[in-house]
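Structural overview
Residues per chain are reported as follows:
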Amino acid sequence: MYNILTLNKISHVGLSKLDQTKYAISDNTETPDGILLRSFNMHDYDMPESLLAIGRAGAGVNNIPLDKCTEKGIVVFNTPGANANAVKELVIAALLLSSRNIVGGIDWAKELVSSDTVEKDVEKGKSAFVGPEIAGKTLGVVGLGAIGVLVANAAEALGMNVIGYDPYISIDAAWGLSTNVKRAINRNEIFENCDYITLHVPLTKETEKMVSSVALETMKDGVRIINCSRADLVDADAMKSALDSEKVACYVTDFPNKALLNYKNVISIPHLGASTPESEENCAVMAVREIKEYIERGNITNSVNFPSVQLPKTSQSRITIMHKNIPNMLSQISNEFAKNDLNIDNMMNKSKNDVAYTIVDVDSEVNGNVIESLSKIDGIIRVRLIQ
Ligand SMILES: NC(=O)c1ccc[n+]([C@@H]2O[C@H](COP(=O)([O-])OP(=O)(O)OC[C@H]3O[C@@H](n4cnc5c(N)ncnc54)[C@H](O)[C@@H]3O)[C@@H](O)[C@H]2O)c1
């Protein structure tokens, strides 16, 4: 029986993919084989020895100590793209909210509650909430991954001119992008030429505060900025000054912070990007499939700290080996198999940054000795036997 610990509420549609005769799901086991979570902060969590994998139902993994997990041979999965449509729809709403002063208008209309002439008052006062249409305007999309591509295509379908920037765009994303989306060769091209800018990049050292005072200076007067990615992509102080000077006409964010919460022309959405039943289900199903495939067959897909390695299991025994990405590991590993008279049926090895992962299938039963001697090789992080 495998133990699965849930650190947040996980959609039952996802959990139902775990066969109850093989998996015990609980929110308080001390010896989990797998953990499923959404935004639970794991930075102070003591990783138990039993833990093989963590499945984050969502995209960002800032709540998980990745280096610690890698050192201990714990595979961390996320669910890229599973909530992309939900976020895209919120971004389209944000684009319209940034333009049409719908929020201001709704707030004002509520104030008319005690008036006996609501119809007349509405017609008289509505001119204060005029805002431009988005069709024909230029939208800059920074980051063309799962979400950015959908946003770019949808905005283009709504009649916007779209410019995209992503120096690391994947082949899949490039295939999915409308051919009408223009390619910017650097970030400044987006900043300087767009009426609307939307951010769809992860928070990294390179992207932190990418919307800085310098960047804001170069933007068009009255630019509208949408940030449904992470608060710290935007320098809050610089944004305040740009809002004060009306350089920025509106800032819509799905990641409110104290500095900007009630600031003039800021629309703060309480992190609703992925809050749709469809998205929570998609993420849970994907996270469950990933950790199940890893626990049962050792195959890795969508890990943020180990390479993607999939090998169909056709032999009796499988040994999976996590090791440092250094010379001479594979020859030492295969030596151990030879010493133990084990015939390698199939083998696959891939690396990612400082670590590598090797799957070895053998056509006979494997005893604990080989696992022990493999574990003793310098540079080996973790060895598992799957029979
Ligand atoms: N609001 C929400 O609820 C919510 C939900 C999911 C994701 N997000 C945020 O949205 C972000 C994007 O999600 P995604 O699923 O599209 O991720 P993704 O990994 O599919 O795409 C991110 C893209 O950013 C690009 N990129 C990285 N560094 C860049 C840089 N310096 N300049 C330009 N492009 C760069 C990458 O090449 C990649 O194509 C996530 O990192 C997360 O912060 C928010």
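In what follows, the accompanying structure is described. Nothing here was measured: the structure is a model prediction, and the numbers come from that model.

This part covers the overall build of the chain. What the chain contains, in helices and strands, is 13 helices and 16 strands. By residue count, 47% of the 387 residues in the chain fall in the buried class. Pairs at least 24 apart in sequence give 62% of the contacts found in the chain among residues at least 6 apart.

Glancing now at the environment of Leu203. The topology assignment puts Leu203 in the loop between strand 9 (196–199) and helix 9 (213–218). Once the C-alpha coordinates of Leu203 and Leu233 are considered, the two residues, 30 residues apart in sequence, prove to be 6.5 Å apart. Setting aside residues up to four positions removed in sequence, Leu203 forms contacts with Asn62, Glu208, Arg230, Asp232 and Leu233.

This part covers the pattern of salt bridges. Taken as a whole and assessed by the stated rule, the structure comprises 10 salt bridges. With a shortest N-O distance of 4.0 Å, Glu280 and Arg38 are connected by a salt bridge. Of this pair, Glu280 sits in helix 11 (residues 277–297) while Arg38 sits in the loop between strand 3 (34–37) and strand 4 (53–56); the two residues are 242 residues apart in sequence, bridging distant segments of the chain. The partly exposed category is assigned to Glu280, whose relative accessible area is 33%. Taking the relative accessible area as the measure of exposure, Arg38 reaches 30% and is therefore partly exposed. Linking Lys220 and Asp195 is a salt bridge whose minimum nitrogen-to-oxygen distance equals 3.0 Å. With Lys220 in the loop between helix 9 and strand 10 (223–227) and Asp195 in the loop between helix 8 (187–193) and strand 9, this residue pair connects regions lying 25 residues apart in the sequence. The exposure class of Lys220 is partly exposed, given its relative accessible area of 32%. Asp195 sits in the buried class, given a relative accessible area of 19%.

The subject of this paragraph is the site of the ligand. Around the ligand, 25 residues are found, and the nearest of them are Ala146, Ile147, Asp166, Cys228 and Asp254. A distance of 3.1 Å separates an oxygen atom of the ligand from a polar atom in the side chain of His271. When the free accessible area of the ligand is taken as 850 Å², the share hidden by the protein chains comes to 86%. A per-class count over the shell around the ligand returns 13 nonpolar, 8 polar and 4 charged.

Here we take up the pairing of strand 15 (residues 355–362). Of all 8 residues in strand 15, 8 are buried, a share of seventy percent or more. The two faces of strand 15 match: Val355, Tyr357, Ile359 and Asp361 on one face and Ala356, Thr358, Val360 and Val362 on the other face are all buried. Relative to strand 15, strand 13 (residues 317–324) runs antiparallel, the two being bridged by 8 bridges. What sits directly across from Ile321, in strand 15, is Thr358. In this sheet, strand 15 lies alongside strand 14 (residues 344–352) in antiparallel orientation, the contact comprising 8 bridges. Within strand 15, the residue paired with Met348 across the bridge is Ile359. Here strand 14 folds back onto strand 15, and the loop between the two strands holds 2 residues, one of which, Asn353, carries a positive phi near 50°.

Criteria and thresholds
- Residues numbered from 1 in each chain as written.
- Predicted model: local features only at pLDDT ≥ 70, side-chain atom pairs only at ≥ 80, totals over all residues.
- Heavy atoms only, no water.
- Helix = DSSP H or I, 4+ residues; strand = E, 2+ residues; numbered from the N terminus.
- Buried < 20%, exposed > 50% of the residue type's maximum accessible area, 1.4 Å probe, protein only.
- Contact = heavy atoms within 4.5 Å.
- Salt bridge = Lys/Arg side-chain N within 4 Å of Asp/Glu carboxyl O.
- Near = heavy atom within 4 Å.
- Polar contact = N/O pair within 3.5 Å; in protein donor to acceptor, adjacent residues only side chain to side chain.
- Areas by Shrake-Rupley, 256 points an atom, 1.4 Å probe, with all protein chains shown as cover.
- Nonpolar A, V, L, I, M, F, W, Y, C, P; charged D, E, K, R; others polar.
- Pairing = 2+ DSSP bridges.

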